[in-house]
Amino acid sequence: MPFLESLGIDILSQYTMLAFTAMFLFACLLIKNGIVRAFVATIGVVFIVAQMFSLYSTQTFVGYQFYVHANIRDVDGMQGIFLKQIIIFGSLAVVLWVVFFFSYRLVQWILRRANRWERFAAMEMCALLLVVMCGLVILRGNFVRDTKTLLPLFASKHSDDFRAVLERYGMGDYVSPEHIEAIADGRNVIVISMESMEKNILLCPDSLTPNLNRLKNEWHTIDIYQNEGSTWTSGSLYTSLTGFPAEFGMSGNQVFHTAVHSNISSIVDVFRKNDYRTLFIIGNAEFSGTRSILTTFHFDEIVDYLWAPDTFDVSALGLHDRDLFALAKIKIEEQLRRGKPFFMFISTTDSHFPDGILDPKMQGIVAPRKNGFDFSVSVLDYVVGDFIDYLRRRRVIDNTTVFLYPDHLKMGTPPTCGDPNDRRLYVISNSASLPKPQKRLYQIDIPHIILQGAGVRHNLRFLTDYIADDDKSRWIEQNLTPLTEINTSGIVRNSNILVEGDSVTSTRGAIVQ
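Residue numbers here run from 1 along each chain, matching the order of that chain's written sequence. Local features in this predicted model are restricted to residues of pLDDT 70 or higher, and side-chain atom pairs are both shown and tallied only at a pLDDT of 80 or more, whereas totals for entire chains, interfaces and linings draw on every residue. Working from all heavy atoms in the structure, the side-chain values ignore hydrogens and water.

1. Comments concerning helix H16 (residues 372–393)
Heads up, the condition is: The way it works is that DSSP assigns letters per residue, a run of H or I at least four long becomes a helix, a run of E at least two long becomes a strand, and they are numbered from the N terminus. Every helix has an expected span of 1.5 Å times one less than the residues it contains. Working definition: with a 1.4 Å probe on protein chains only, accessible area under 20% of the residue-type maximum means buried, over 50% means exposed, and in between means partly exposed. N or O atoms within 3.5 Å of each other form a polar contact, as long as, within protein, one can give a hydrogen and the other can take it, and as long as residues adjacent in sequence are counted only when both atoms are side-chain atoms.
Taking 1.5 Å as the rise per residue, H16 with 22 residues should run 32 Å; its terminal C-alpha atoms sit 31 Å apart, in good agreement. The buried fraction of H16 amounts to 16 of the 22 residues, a majority that puts the element mostly inside the structure. Of the residues that open H16, the one with a side-chain oxygen 3.2 Å from the backbone nitrogen of Phe373 is Asn371. Directly beyond the C-terminal end of H16, a positive phi value near 60° is found at Arg395.

Written out as structure tokens, the structure reads:
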């Protein structure tokens, strides 16, 4: 099926979608009432198109990640990026609905011209095919596994007694923020989370990422693997800060809209206890509830396009990566004048799937590439290299530990480079104190990696410390409901807070001094 292959959907998932299409088609064939048939056809179209878009964007059937992003705010914010895909999937929906609805009339016209035995044989064949298709869905493929990630939406519960929840799940010695003991050595820490920049992208032979490859060879690098609950940008952010996968049940990221504090410890707490200035720099902090997450973990400054000079351009996702790092340089100069150590987290966006976000200012600076995504990757590589050179020129690097890693695997079709069956993330750092893993490291290990690499001594225990299974992602998949209860119970909320949306009244150009 060339169309589905072009979307990067694997062959087994293609057959599963064919099975679902056959099921709804068969159902419509049996419904004489036009109103009921129209209703079933509509349900079928919504189900199939949602599953196909989820397979296209996340390489999984509809699960928790799809649910988190299936809200009006996020969909509206991404219209410009997915315009072509919206048209394609919208057209598919229309075609499917027409086929489903009018199939009854067509089949009835055919059956009127067949004898009784031919009609009986046709119905028997359809029934047999339906049984085979159902068996394929249940016994083969990942539909059941992916769908199970939605179960915590219905099974999980919130408790006001966070400590009791921890005790129930064998985490009674978990260290909450008020009990953290940590000693940092005063070195600045900069974390750069790079949108979709998985390891296979660095393997492309046409020099898409010369600067990252140079840093990978000059500095220290370890591989890490993606885990359930951290496969999208805001989920990866939550995991990077706390070591927990971002499972929040029915509330999704909206749990943070009325949050005032977290009893779940984060690396931000560690640096604040050591009198570090904590800053988060992103193109647009409103997207996917990011600002609410950052506020809950008490970042001192959240800097995005609202604080940028008017000369900076704004894309569908806020600042372009080039301006993002220009803003980071401004904030670093401020911190140098203050004379205090700082923890800075930079989150990029321009290399977002499917086609990247074009920065016109970088045309002529970065060589043309075969598509928009590759160009955006090269732009990110260029600005990261320029930023590291800036740190060296200003001698900031001499007293700064830098960590670079992808937020998650590339969504949509896998990278054309490397082995599509062996996709990994990585951490690149100028620290010689990165862990030397004896077994696989996952995204939930990132807080440990950052604190160890930065030379911070602490008494924290992260989720990874409680997992004996070498396959931590599998363990997470098997414990989604407990993890959801821990996450939701660990966030302290004020039900009296009136949330009218994520709008911020600040005006652009007001750089915080």
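2. Considerations on the pattern of salt bridges
Which entries qualify depends on this criterion: Any carboxyl oxygen of Asp or Glu that lies within 4 Å of a side-chain nitrogen of Lys or Arg is treated as forming a salt bridge with it.
Applying the stated rule across the entire model yields 25 salt bridges. Between Asp300 and Arg272 there is a salt bridge whose closest N-O contact spans 2.6 Å. Taken as a pair, Asp300 in the loop between helix H14 (290–296) and strand S6 (301–303) and Arg272 in helix H13 (residues 267–273) lie far apart in primary sequence, 28 residues in all. Exposure remark for Asp300: the relative accessible area of 31% places this residue in the partly exposed category. Residues joined by salt bridges that share partners form a network here, namely Arg277, Glu301, Lys331, Glu334 and Arg338.

3. Some remarks on the nonpolar core
A general trend in soluble globular proteins is that nonpolar side chains are found buried together. Using the following cut-off: To qualify as a nonpolar core, a set must consist of buried Ala, Val, Leu, Ile, Met, Phe, Trp, Tyr and Cys residues joined through side-chain atoms within 4.5 Å. Any two residues having at least one pair of non-hydrogen atoms within 4.5 Å are treated as being in contact.
Counting 100 residues, the largest nonpolar core has Phe244, Phe256 and Phe343 as the members making the most contacts within it. In terms of residues, this core owes the most to one element, helix H3 (residues 34–58), which gives nine residues. Setting aside anything within four residues of it in sequence, one finds Phe244 in contact with Met171, Tyr174, Tyr238, Thr239, Ile264, Leu463, Leu483, Ile486 and Asn487. Within the second largest apolar cluster, 47 residues are counted, among which are Met197, Leu215, Leu324 and Phe373.

4. Looking at the environment of Ser265
Summarising the element assignment, Ser265 is placed in the loop between strand S4 (259–262) and H13. Exposure remark for Ser265: the relative accessible area of 1% places this residue in the buried category. With 23 residues separating them along the chain, Ser265 and Thr242 place their C-alpha atoms 6.1 Å apart. With residues up to four places along the chain from it excluded, the contact list for Ser265 reads Tyr174, Val175, Ser176, Pro177, Ile180, Leu241, Thr242 and Leu460.

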